[in-house]
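Residues per chain are reported as follows:
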Amino acid sequence: MEKMHKPSLTKARKRSKTLVETKEYKRPEIINLGKGKKYLIQTHGCQANEADTEIMQGLLEEQGFKKTDVIEQADLLLINTCAIRENAENKVFGELGRLKSYKRINPNMIIAVSGCMPQEEEVVERILKQYQHVDIVFGTHNVNKLIEYLHFVIVEKKRLIEVYSKEGNIIENLPQARDHRFKAWVNIMFGCDEFCTYCIVPYTRGKERSRNKDYIIKEVKALIKKGYKEITLLGQNVNSYGLDFPDNNYSFANLLEELANLDIPRIKFTTSHPKDFSDDIIEVIAKYDNIMPFIHLPVQSGSNKVLKKMNRKYTKESYLEVVEKIYNKIPDVSLTTDIIVGFPTETQTDFEETIDLVKKAKFEGAYTFVFSPRKGTPAASYENNITEKVAKARLHKLNDLVNEGYLRGNKRFEGKSVKVLVEGYSKNNKSVLTGYTEHNKLVNFKGDDSIIGEIVEVYIEKAKTWSLDGVIKK
Ligand code: SAH
Ligand code: SF4
Ligand code: F3S
């Protein structure tokens, strides 16, 4: 018999009033499970998954597992999945299919699937039926149990499906093996209560819950001690930070300000919801030089009719008001966004409203998507008569405009000096260093590896659509 606990999206939708408790991670008594073994984790989706991957890497390395980039060498192959759009899921199913042959070569290889996809019952059923070479399936709410699950599968030699529909406690003090040495993800909250009608995240990540600020500050202080230069605060809607605390007296603006007073050169955050991007948040960003002048503010659409159907709780006009306030207080800010085209009932006129908004908001970048119906979400059952051809044509037109914004945003730094956090050598050219500016622009320049991890001044000679070319200032 295999061990089995399957998810339900209907259960995941319900929001309990009970306060989520914070518990500290207790190490299982298992030791050295990974001695002499190698692991490989493939991470899909957003930063929430990247942060979870770093925790799983930490858990594995505590047990002696070593990381490998070569699939053939992996004793454990884990795919941390994303459910946001159908093509994200198709990629994972394709990969799972290919893995069958690896298992034939190495029958002892353990294949695990985690993340947002297993939170959907249909995915679990499909894995059970079509991908029997998968040994472990678990979700977003039990990442901390990875070692126990591995132990079960190795010792009992059985399959394990363990997905919880509801969030559990917040677990603190989990080990982390981070991918970067100078920049770090810092979760400040989990889940989402917005229920935008197209979005699966509130179902896959559970209810919104904020991390106790003392743990956040402790984590950031430890990062500073290790020499980290940049932190990115993570949440699906960071502006809601603290709203779930019973006394409700500590907000995202408070947290930002407290962190800005620590000795960390760069603070970023993602993602913000426009509906409650409050004046006090704007003011704190404007006040502190170590909070980066870069704001990602997903708008999704410029049509009030579509925004309403999306349950976004703001209008084109109120969005542009927030944007104007931001430009007034932080004049050189770089603003980026997310946009969905082809949402059910979107007419050409609705789409033109989006184009108009993109022009008015002067975005310097955007992630653009064609609407993808997600089973279990309200929008999946909205009647949709937009053909793929029309949706693609809208996407292309939008992308042309968005790309003009990328170039315009880069051009404004031509002939200027910018601060760059040096990340390492460019993938394509080993003599060229790359890094990001305070406005989140990618810069390429010549230099040697002694400055990797430093913040240096670079003079920008040329701006291109996707990057800047510069020379380091001596
Ligand atoms: N919490 C974040 C984003 C989460 S998902 C926020 O609210 O901004 C990232 C982006 O994926 C969204 O902003 C949206 O533009 C897009 N997206 C989400 N669900 C989608 C769907 N069903 N089809 C197409 N795009 C989607
Ligand atoms: Fe999805 Fe909306 Fe929540 Fe973002 S705010 S994660 S788009 S439901
Ligand atoms: Fe994808 Fe889950 Fe993030 S669905 S976008 S990995 S929260």
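Residues numbered from 1 in each chain as written. Chains lettered and ligands numbered in written order. Predicted model: local features only at pLDDT ≥ 70, side-chain atom pairs only at ≥ 80, totals over all residues. Heavy atoms only, no water.

Let's hear about the site of ligand 3: which residues, and what values?
Taken together, C46, N49, C82, A83, I84, C116, V201, R205 and Q236 make up the full set of residues adjacent to ligand 3. A per-class count over the shell around ligand 3 returns six nonpolar, two polar and one charged. Looking at the shell around ligand 3, you find at least three residues from each of domain 1 (3–162) and domain 2 (180–292). (Near = heavy atom within 4 Å. Nonpolar A, V, L, I, M, F, W, Y, C, P; charged D, E, K, R; others polar. Domains from an automatic or database assignment.)

Quick one: what's the story with the site of ligand 1, residue by residue and with numbers?
Neighbouring ligand 1 are 15 residues; Q236, P298, Q300, D338 and S372 lie closest to it. At 3.1 Å, a side-chain N or O of R85 approaches an oxygen atom of ligand 1. Protein chains bury 90% of the 540 Å² of accessible surface belonging to ligand 1 in isolation. Contributions of two or more residues to the shell around ligand 1 are made by β16 (334–341) and β17 (366–370). By residue class, the composition of the shell around ligand 1 is seven nonpolar, four polar and four charged. Counting residues domain by domain, the shell around ligand 1 receives three or more from each of domain 2 (180–292) and domain 3 (295–411). (Polar contact = N/O pair within 3.5 Å; in protein donor to acceptor, adjacent residues only side chain to side chain. Areas by Shrake-Rupley, 256 points an atom, 1.4 Å probe, with all protein chains shown as cover. Helix = DSSP H or I, 4+ residues; strand = E, 2+ residues; numbered from the N terminus.)

Before we move on, could you go through the pairing of strand β14 (residues 266–270) and cite the residues and values that matter?
Residues in a regular strand project their side chains so that they alternate between the two faces of the sheet. Most of β14 sits inside the fold, with five of its five residues counted as buried. Side-chain alternation along β14 places R266, K268 and T270 on one buried face and I267 and F269 on a second face that is also buried. Alignment of strand β13 (residues 230–234) against β14, held across five bridges, turns out to be parallel. Paired with L234 across the strands is T270, a residue of β14. (Buried < 20%, exposed > 50% of the residue type's maximum accessible area, 1.4 Å probe, protein only. Pairing = 2+ DSSP bridges.)

Please set out helix α5 (residues 146–156) residue by residue, giving values where relevant.
Taken as a whole, α5 has its buried residues at L146, I147, Y149, L150, F152 and V153. Here the buried face of α5 lies against β1 (3–5), α2 (47–62), β5 (76–81), β6 (110–115), β7 (136–138) and β8 (160–162). At the exit of α5 stands K157, carrying a positive phi of roughly 55 degrees. (Contact = heavy atoms within 4.5 Å.)

Which residues make up the sheet that holds β17, and what values go with them?
Across the sheet, which stays open at both edges, the three strands sit in the order β15-β16-β17 with parallel pairing between neighbours. Two strands bound the open sheet, and with one partner strand each, they are β15 (294–296) and β17. Each neighbouring strand pair of the sheet contributes to a mean axis angle of 10 degrees, computed without reference to strand direction. (Axes fitted to C-alpha atoms, helices over the stretch in contact; angles between N-to-C directions.)

Give me the packing of aromatic side chains: which residues, what numbers.
The final tally for this structure, using the stated rule, is twelve aromatic pairs. For the pair F195 and Y203, a centre-to-centre distance of 5.6 Å together with 90 degrees between the ring planes defines the contact as edge-to-face. Considered together, F195 and Y203 belong to a single accessibility category, that of buried residues. On the basis of an interplanar angle of 90 degrees and a centroid distance of 5.6 Å, the ring pair of Y241 and F245 is categorised as edge-to-face. In this pair, the class of Y241 matches that of F245, namely buried. Within the aromatic cluster, the residues linked to one another by ring pairs are Y198, F343, F371 and Y382. Cation over ring: R13 sits above F195, and NZ or CZ is 4.7 Å from the ring centre. Above the plane of the ring of F93 lies R126, whose end atom (NZ or CZ) is 3.6 Å from the centre. (Phe/Tyr/Trp six-rings, centres within 6.5 Å; stacked < 30°, edge-to-face > 60°. Lys NZ or Arg CZ within 6 Å of the ring centre and 35° of its normal.)

Break down α2 for me, with residues and values.
Taking 1.5 Å of rise per residue, 16 residues should cover 22 Å, and α2 covers 23 Å from first to last C-alpha, within 8% of that figure. When you tally the buried positions in α2, you get twelve out of 16 residues, the bulk of the element. Directly after α2, the chain includes G64, whose backbone phi takes a positive value near 95 degrees. (Expected span 1.5 Å × (residues − 1).)

Can you tell me about the side chain of H439, naming the residues and giving the values?
Position of H439 relative to the elements: it lies in the loop between β19 (432–437) and β20 (442–446). Contacts of H439, omitting those with residues within four sequence positions, involve P293, F294, D332, V333, S334, R412 and F413.

Give a description of the domain arrangement of the protein that names residues and reports values.
Structurally, the protein comprises domain 1 (3–162), domain 2 (180–292), domain 3 (295–411) and domain 4 (417–472). Distance from the C-alpha centre of domain 1 to the C-alpha centre of domain 3: 33 Å. On the side of domain 3, six residues touch domain 1, which itself brings eight residues to the contact. With both chains or domains summed, domain 1 and domain 3 bury close to 590 Å², and 44% of this area falls on carbon and sulfur atoms. Of all residues in domain 1, R85, E86 and E122 give up the largest surface area on contact with domain 3, accounting jointly for 58% of the area buried on that side. There are two salt bridges connecting domain 1 and domain 3. E89 serves as the salt-bridge partner of R374, at 3.4 Å between the closest nitrogen and oxygen. Inspection of the region where domain 1 meets domain 3 yields four residue pairs in polar contact (both at pLDDT 80 or more). Along the lines of polarity and charge, the residues of the side of domain 1 that touches domain 3 split into three nonpolar, no polar and five charged. (Buried area = accessible area lost by both parts, 1.4 Å probe. Salt bridge = Lys/Arg side-chain N within 4 Å of Asp/Glu carboxyl O.)

Mind laying out the sheet that holds β13, listing which residues take part and the relevant values?
Taken together, three strands build an open sheet; the order of strands is β10-β13-β14 and the sheet is parallel. A single partner strand is all that each edge strand has here, and the edge strands are β10 (183–187) and β14. The average angle at which neighbouring strand axes cross in this sheet is 25 degrees, direction not considered. With respect to the sheet, helix α8 (residues 252–260) is in contact with β13 and β14, its orientation differing from that of β14 by roughly 160 degrees.

Can you lay out the packing of helix α3 (residues 86–105) against helix α4 (residues 121–130) for me, pointing to particular residues and giving the numbers?
At a minimum axis separation of 12 Å, α3 and α4 run at an interaxial angle of 20 degrees. The pairing of α3 with α4 is recorded here as roughly parallel in orientation. Our pair here, α3 against α4, has a crossing hand that is right-handed. Taking contact as the criterion, the partners of E89, F93, L96 and K100 in α3 are, on α4, V123, R126, I127 and Q130. Broken down by class, the residue content of the contact of α3 with α4 amounts to four nonpolar, one polar and three charged. (Parallel < 35°, antiparallel > 145°, perpendicular 65-115°, else oblique. Left-handed = near helix turned anticlockwise from the far one by under 90°.)

Go over the nonpolar core with me, naming the residues and quoting the values.
In terms of nonpolar packing, the biggest core is built from 58 residues, with L233, L256, F269, F277, I295 and I326 touching the most fellow members. Ranked by residue count, the leading element in this core is α8, at six residues. Split by domain, the residues of this core number at least three in each of domain 2 (180–292) and domain 3 (295–411). Excluding residues within four positions of it along the chain, L233 makes contact with V186, I188, V238, F252, L256, L259, I267, K268, F269 and T270. Counting residues in hydrophobic clusters, the runner-up holds 29 residues, among them L77, M109, V134 and V163. (Core = buried A, V, L, I, M, F, W, Y, C linked by side-chain atoms within 4.5 Å.)

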